[in-house]
Amino acid sequence: MTLALIRHITPLIDRGVCDAAEAARRAILYDTTQSLALYETYKFKSSVAYEKLARISRVCSSPLPRAALTAQKLFPHRRDIEYLEALREFNLRIFPVPLIKMPFDCWLVLSRLLWLCGMNPSGASAKAERRRALDLMPSLLEADTAVIAHGFVLRVIRRSARRAGYCLIYRFCEGCFCVEIWQCAA
């Protein structure tokens, strides 16, 4: 069995220095933009690995535009892509630190770290979010599957696949876009 884990293409948004309020606005844009660095897929799409991936039996994607558009770019002729809420990105709420300005990516890291430590509550806890991804695992392993999602969601799935006996056989990264192909060792 094959499990392909694909992180979405990089969203093209302003990543410059900003305060918390502006970072919160950019986080919303990060979740909704359809402006993506599509060129990140070009080298991968000319590889032998892509030819094999194009024949995979099941394709599942997060419904967020950056993942959904990545799925559509990689599988342009597929009309059966499954958009699953369980693959949606974990908490991205920006923690409101006053009077500080830093690059947008630093706001994302800080907010995510505080959320993981339980200091940036909003929506589900880190434990509940991990459980959401883990509950999806049995269905992902029923057939050869490509999963297009987000870094933290894929991290949970990757760890679970490794515990289930899957081994990494291929990896490609360009910007945010990353493709890992895992094969069942048994």
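Below is a summary of the structure that appears in this document. What you see is a predicted model; the values in this text were computed from it and never measured.

### Quick notes on the layout of surface pockets
Quantified by volume, the largest pocket comes out at close to 300 Å³. Put simply, the parts of the chain that give the lining of the largest pocket at least two residues each are α5 (104-116) and α7 (151-163). Estimated volume of the second largest pocket: approximately 180 Å³. In terms of lining residues, the second largest pocket is bounded by F90, W115, L116, R130, L134, F152, R155, V156, R159 and R163. Looking at the lining of the second largest pocket, the elements with two or more residues in it are α5, α6 (126-140) and α7. It is α7 that provides the largest number of residues to the lining of the second largest pocket, a total of five residues.

### Here we look at the environment of Q34
Among the secondary structure elements, Q34 is positioned in the loop between α1 (20-32) and α2 (42-45). Leaving out residues up to four positions away in the same chain, Q34 has contacts with P65 and L69.

### Some details on the sheet that holds strand β3 (residues 58-61)
The six strands are arranged β4-β3-β6-β1-β8-β7 in an open sheet whose pairing can be described as mixed. The open sheet has two free edges, formed respectively by β4 (82-83) and β7 (166-174), since each of these has just one partner strand. One ladder, built from five bridges, connects strand β1 (residues 2-7) with strand β6 (residues 145-149); its direction is parallel. Looking at the pairing, R7 lines up with A149 of β6. Packing against the sheet, α6 makes contact with β1, β3 and β6, and its axis sits at approximately 165° to β3.

Rules of the game
- Residues numbered from 1 in each chain as written.
- Predicted model: local features only at pLDDT ≥ 70, side-chain atom pairs only at ≥ 80, totals over all residues.
- Heavy atoms only, no water.
- 1 Å grid on protein atoms, 1.4 Å probe; cavity = no way out; pocket = protein on both sides within 12 Å on 5 of 7 lines; lining within 4 Å.
- Points joined across faces, edges and corners; volume = space filled by probe spheres on them.
- Helix = DSSP H or I, 4+ residues; strand = E, 2+ residues; numbered from the N terminus.
- Contact = heavy atoms within 4.5 Å.
- Pairing = 2+ DSSP bridges.
- Axes fitted to C-alpha atoms, helices over the stretch in contact; angles between N-to-C directions.

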